[in-house]
Amino acid sequence: MSRASGATGTKTKTIPPVTSLLETAVEALGGASRPGQIRMASAVAHAIDTGEHLAVQAGTGTGKSLAYLVPAIAHAMATGKTVIVSTATIALQRQLVERDLPRLAKALKPALGSEPRFAILKGRGNYLCLNKIHAGVTEEPENALLDAFELSRTGREVTRLREWVSDTETGDRDDLTPGVSDRAWKQVSVSARECLGANNCSYSEDCFAERSRIIAGQADVIVTNHAMLAIDALSPANILPEHDVVIIDEAHELTDRITAVSTAELSSASITLAARRCGKLIDEELVDDVIGAAEQFGELLNDTSDASTPRRLTRLPDGYDLALAALRDRLWKARNAIGPINQAGAPDPEAAAARSAATTSLEELHDTAVRVLGAFDDPDEANRRDVVWVAHDRFRNDTHAVLRVAPLSVGGLLRASLFAHSTVILTSATLVVGGGFDALAATWGLPAHARADDDTPQPDPAAQAVGDVTAFGLAVPSDAEDIRWRGLDAGSPFDYPRSAILYIARHLPAPGRDAIAEPIRDELRELMAAAGGRTLGLFSSMRAAKEAASIMREQTDHRILCQGDDMTSTLVREFTDDTASCLFGTLSLWQGVDVPGPSLSLVVIDRIPFPRPDDPLLAARQRAVEARGGNGFMSVAANHASLLLAQGAGRLLRSIDDRGVVAVLDSRLATARYGGYLVKSLPPFWRTTDTATVLGALRRLTA
């Protein structure tokens, strides 16, 4: 990860105090002073000054974007150093760059003496590649079973993209309306590894990606995403400009996003596609050798897997080592046969682009084969770096086996590449798990037990008794012990006990794996009737959401919208506009719905959102914790559920005037030993298990 050197960024001018700048910004933007926002901004400024990392939980309505942007801008303007702001979602990126930062920069210009500069920085694959477009390079579809209609649609989209080149100034996919499929976009874009590089590309002066990097290099604040942070951490080259402060918004998603970028896969289809990409670049016999190795590997995958469930590998099954070694050697032989990207003589953009795409595919697959072969070197599973499993991808009625490999933990990577070199601010509306910050800190690679002050929630002693959850059974490396950080709960402007009820249906049977039990259906129907519709149903699976929607459509007069019936954004808009409707769905609704006002009075959660027991990666992480003497269930499964519960419950109150009920139809939240730990991750709603009380409250709200 790139850093600001000590020789640059010396202080050049005096900047007003952060609290004064925040007051100026709030007044200019027409807002109101909020105690939580002031506390957070002061804490962020202090962390930047001292170099001590900070984790801040800031509830909805706190104004956390301003609370970290103001001290970030103050630091950048005072020192000349760049600040990186990373988010998990495109929506928040665009909000920051298109709304928050332009208004804030103008508001602070008089106090700062000049207007702060900001820019957005995305991965190279988000931009059109002029070389690929002009070279006319096309890629074979990854799935050979695509029908004629889909191929025709892809062709039309590619034609539109080629025409768009002459109209766009950014080449940014997010600026294209309407959008196109991923399949079409791949025809006109390249990854960082596929890029020829500025020195080898005929279009480097006009390159959209290079332009965005030049603009970012001149900015005081750069807005990027967690995936770019991961790429920067994993790359030997500097992807991000020099910086000394990183602010991570939506930090509860950091570990998952870093894991996703660090996950690789092998399949017979992907290897065969890479071989065919070589086309006329290498000897036909060598292409056949690679395809033959791919087919042999695919047969092994199919023989040792079950399409109904993923299979985690604790050792390489018989035959895998020989098949992977053969695959590794043939892929590297093919890669070397291609030769340099730019051949001697006159530059040929089309040939260079073809060689670059083929080389990149072969190198990635080769590196993955090497990674899998080395994944089982340590006999102790808890000490292995990677987890390997066989899964099955489905496309329509077709399934094919895939071998995946992902890091057991990303804490070491974050500790070495992020926390060791930058001051890091991590913030989200949900960071406190089980009453403290230690759960997420462990996944980030930070030592347990932040230095406490009056604003730092501490883990519940009762919860600690359930298997020492604050230690998480993780051995903290000596280099982590030197990292200093603290946690702060900035609070929320909402009066949770007066605004909302947490209802736990203690009397219901524990949910099973089969169809939704009749008592649970009856409870859901009663709650929806009392609320007059106005219900967001959050379900643990799409099957459960569709089943509940079907039943409620038959048994009630409410309009039931269900995820999958249309685009999620369209369904949310219809749910917002129709105040008597209900919306049922799964994971993306748990985290991505913002419906303030009378359209939402009841959030129903069907069951505690524990991860699937057959999730290979989480199961491996759970066993690793247990191998070190910790409680794997609490540190992995319970913490996963805690975060999702907090995110789901957070859908209810989106404005200061909102009122309603969060109803959990899983009695285990009240009866199980771990229930108290999970509840401590939720906002401090008024709590009850009495059905009549809740139905009466909902009827009064409806009236």
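These lines cover the structure that appears in this document, whether it is placed above or below. As the structure is a computational prediction, the values presented were derived from the model and not from experiment.

Quick notes on the overall build of the protein chain
- When helices and strands are counted, the protein chain shows 28 helices and 18 strands.
- Residues counted as buried form 54% of the 703 residues belonging to the protein chain.
- If you take every contact in the protein chain between residues at least 6 apart in sequence, the share linking residues at least 24 apart comes to 78%.
- Accessible surface, the protein chain: about 30,400 Å² in total, of which carbon and sulfur atoms supply 49%.

Remarks on the pattern of salt bridges
- Tallied over the entire structure, the rule returns 27 salt bridges.
- Where R484 meets E52, a salt bridge forms, and the shortest distance between an N and an O atom there is 3.3 Å. Note that R484 is positioned in the loop between α18 (478–481) and β11 (485–491) and E52 in the loop between α2 (35–50) and β1 (53–58), a separation of 432 residues in sequence.
- Among the residues examined, E52 registers a relative accessible area of 6% and is labelled buried.

Observations concerning the packing of aromatic side chains
- Counted by the stated rule, this structure contains 7 aromatic pairs.
- Look at F494 and Y496: their rings are 6.0 Å apart centre to centre, the planes differ by 90°, and that puts the pair in the edge-to-face class. The same class applies to F494 and to Y496, which are both buried.
- Taking the centre distance of 5.4 Å and the plane angle of 85° together, the rings of F610 and Y674 count as edge-to-face. A residue pair is termed long-range when its members are at least 10 positions apart, and F610 in the loop between β16 (602–605) and α24 (616–627) and Y674 in the loop between α26 (668–671) and α27 (675–679) qualify at 64 residues.
- You can call F610 partly exposed: its relative accessible area is 21%.
- Within the aromatic cluster, the residues linked to one another by ring pairs are F494, Y496 and F685.
- Over the face of the ring belonging to W332 we find R335, whose NZ or CZ atom lies 5.8 Å from the ring centre.

Examining the packing of helix α11 (residues 268–277) against helix α12 (residues 284–303)
- Here α11 crosses α12 at 175°, and the two axes come no closer than 8 Å. Accordingly, the angle class assigned to the pair α11 and α12 is roughly antiparallel. Seen from α11, the contacting residues are S268, I271, T272, A275 and R276; seen from α12, they are V287, V290, I291, A294, E295, F297 and G298.
- Of the residues belonging to the contact of α11 with α12, the class tally is 7 nonpolar, 3 polar and 2 charged.

Some remarks on the nonpolar core
- Core analysis: the biggest nonpolar cluster contains 72 residues, and I248, F419, W444, L536, V662 and L678 have the highest contact counts within it.
- The dominant element in this core, judged by the number of residues it contributes, is helix α25 (residues 632–649), at 8 residues.
- Apart from residues no more than four positions distant in its own chain, W444 is found in contact with A55, A251, L254, T255, G411, L414, R415, F419, L426 and L431.
- Judged by nonpolar contacts, the second largest core, of 44 residues, contains A45, A67, L92 and I247.

Re the pairing of strand β15 (residues 582–585)
- Burial along β15 is two-sided: the residues C582 and F584 and L583 and G585 are all buried.
- Across 4 bridges, the pairing between strand β13 (residues 535–538) and β15 is parallel. Its bridge partner lying in β15, T535 is registered against C582.
- Of the strand pairs in this sheet, strand β14 (residues 560–562) and β15 are connected by 3 bridges, and their pairing is parallel. By the bridge assignment, C562 is partnered in β15 with F584.
- What joins β14 to β15 is helix α22 (residues 568–577), and the crossover it makes is right-handed.

Some remarks on a negative patch on the surface
- Together, D283, E284, E285 and D288 make up a negatively charged patch on the protein surface.
- Inspection of the secondary structure puts E285 in helix α12.
- Under the relative-accessibility criterion, E285 is labelled exposed at 57%.

Some thoughts on the sheet that holds strand β2 (residues 82–87)
- The strand order across the open sheet formed by 7 strands is β3-β4-β2-β5-β10-β1-β11, and the pairing between neighbours is parallel. Each of the sheet's edge strands pairs with one partner strand only, and the pair in question is β3 (118–120) and β11. Along the sheet, successive strands turn relative to each other by an average axial angle of 20°, direction set aside.
- Pairing of β2 with strand β4 (residues 221–225), which is carried by 5 bridges, proceeds in the parallel orientation. Residue T87 lies in a different strand from β4, and its bridge partner there is N225.
- Against the sheet, helix α9 (residues 226–234) touches β2, β4 and β5 (243–248), its axis set at about 95° to β4.

Focus on the sheet that holds β15
- Strand order in this open sheet of 7 strands is β14-β15-β13-β16-β17-β12-β18, and the pairing throughout is parallel. Only two strands of the sheet have a single neighbouring strand rather than two, namely β14 and β18 (686–688). Between one strand axis and the next, the sheet turns by 20° as a mean value, whatever way the strands run.
- Contacts between helix α28 (residues 691–702) and the sheet are confined to β12 (500–504), β16, β17 (660–664) and β18, with β12 contributing the most and set at about 145° to the helix.

Remarks on the environment of A448
- By the secondary structure assignment, A448 is in the loop between α16 (438–444) and α17 (461–464).
- Along the primary structure A448 and D438 are separated by 10 residues, whereas in three dimensions their C-alpha atoms are 5.3 Å apart.

Quick word on the environment of T19
- In this fold, T19 is placed in helix α1 (residues 18–28).
- Here the alpha-carbon distance between T19 and I38, two residues 19 residues apart in the chain, equals 6.8 Å.

Observations regarding helix α8 (residues 208–217)
- When α8 is considered as a whole, its buried residues turn out to be F208, A209, S212 and A216. Viewed along the axis of α8, the buried residues span an arc of 100°, placing them on a single side of the element.
- Where the residues of α8 are buried, they touch β3, α5 (130–135) and β4.

Points about α22
- Three or more residues of α22 are buried, namely T570, L571, V572 and F575.
- The inward-facing, buried residues of α22 abut β13, β14, β15 and α23 (587–592).

Brief notes about the state of the cysteines
- Scanning the model with the defined rule gives 0 disulfides in all.
- Free of any disulfide, C201 has its nearest cysteine sulfur in C129, 6.1 Å distant.

Here we look at the side chain of T423
- In this structure, T423 sits in strand β10 (residues 423–428).
- Residue classification places T423 among the buried positions, given a relative accessible area of 9%.

Some thoughts on the packing of α2 against helix α3 (residues 64–79)
- Two elements in contact, α2 and α3, have axes whose closest approach is 8 Å; the angle formed by their N-to-C orientations is 35°. Judged by the twist between their axes, the crossing of α2 over α3 is right-handed. Here Q37, M40, A41, V44, A45 and I48 of α2 come into contact with α3, specifically with K64, L66, A67, Y68, P71 and H75.
- Residues belonging to the contact of α2 with α3 are distributed by class as follows: 9 nonpolar, 2 polar and 1 charged.

As for the pairing of β4
- Of all 5 residues in β4, 5 are buried, a share of seventy percent or more.
- What you see with β4 is no split at all: V221, V223 and N225 on one side and I222 and T224 on the other are buried throughout.
- Alignment of β3 against β4, held across 3 bridges, turns out to be parallel. Within the sheet, the bridge partner assigned to A119 lies in β4 and is I222.

Rules of the game
- Residues numbered from 1 in each chain as written.
- Predicted model: local features only at pLDDT ≥ 70, side-chain atom pairs only at ≥ 80, totals over all residues.
- Heavy atoms only, no water.
- Helix = DSSP H or I, 4+ residues; strand = E, 2+ residues; numbered from the N terminus.
- Buried < 20%, exposed > 50% of the residue type's maximum accessible area, 1.4 Å probe, protein only.
- Contact = heavy atoms within 4.5 Å.
- Areas by Shrake-Rupley, 256 points an atom, 1.4 Å probe, with all protein chains shown as cover.
- Salt bridge = Lys/Arg side-chain N within 4 Å of Asp/Glu carboxyl O.
- Phe/Tyr/Trp six-rings, centres within 6.5 Å; stacked < 30°, edge-to-face > 60°.
- Lys NZ or Arg CZ within 6 Å of the ring centre and 35° of its normal.
- Axes fitted to C-alpha atoms, helices over the stretch in contact; angles between N-to-C directions.
- Parallel < 35°, antiparallel > 145°, perpendicular 65-115°, else oblique.
- Nonpolar A, V, L, I, M, F, W, Y, C, P; charged D, E, K, R; others polar.
- Core = buried A, V, L, I, M, F, W, Y, C linked by side-chain atoms within 4.5 Å.
- Pairing = 2+ DSSP bridges.
- Right-handed = clockwise from strand over helix to strand, strands pointing away.
- Patch = residues over 30% accessible without salt bridge, like charges linked within 9 Å, V, L, I, M, F, W, Y side chains within 5 Å.
- Lys, Arg positive; Asp, Glu negative; His and termini not counted.
- Charge placed at Lys NZ, Arg CZ, Asp CG, Glu CD.
- Arc of directions from axis to C-beta.
- Disulfide = S-S within 2.5 Å.
- Left-handed = near helix turned anticlockwise from the far one by under 90°.

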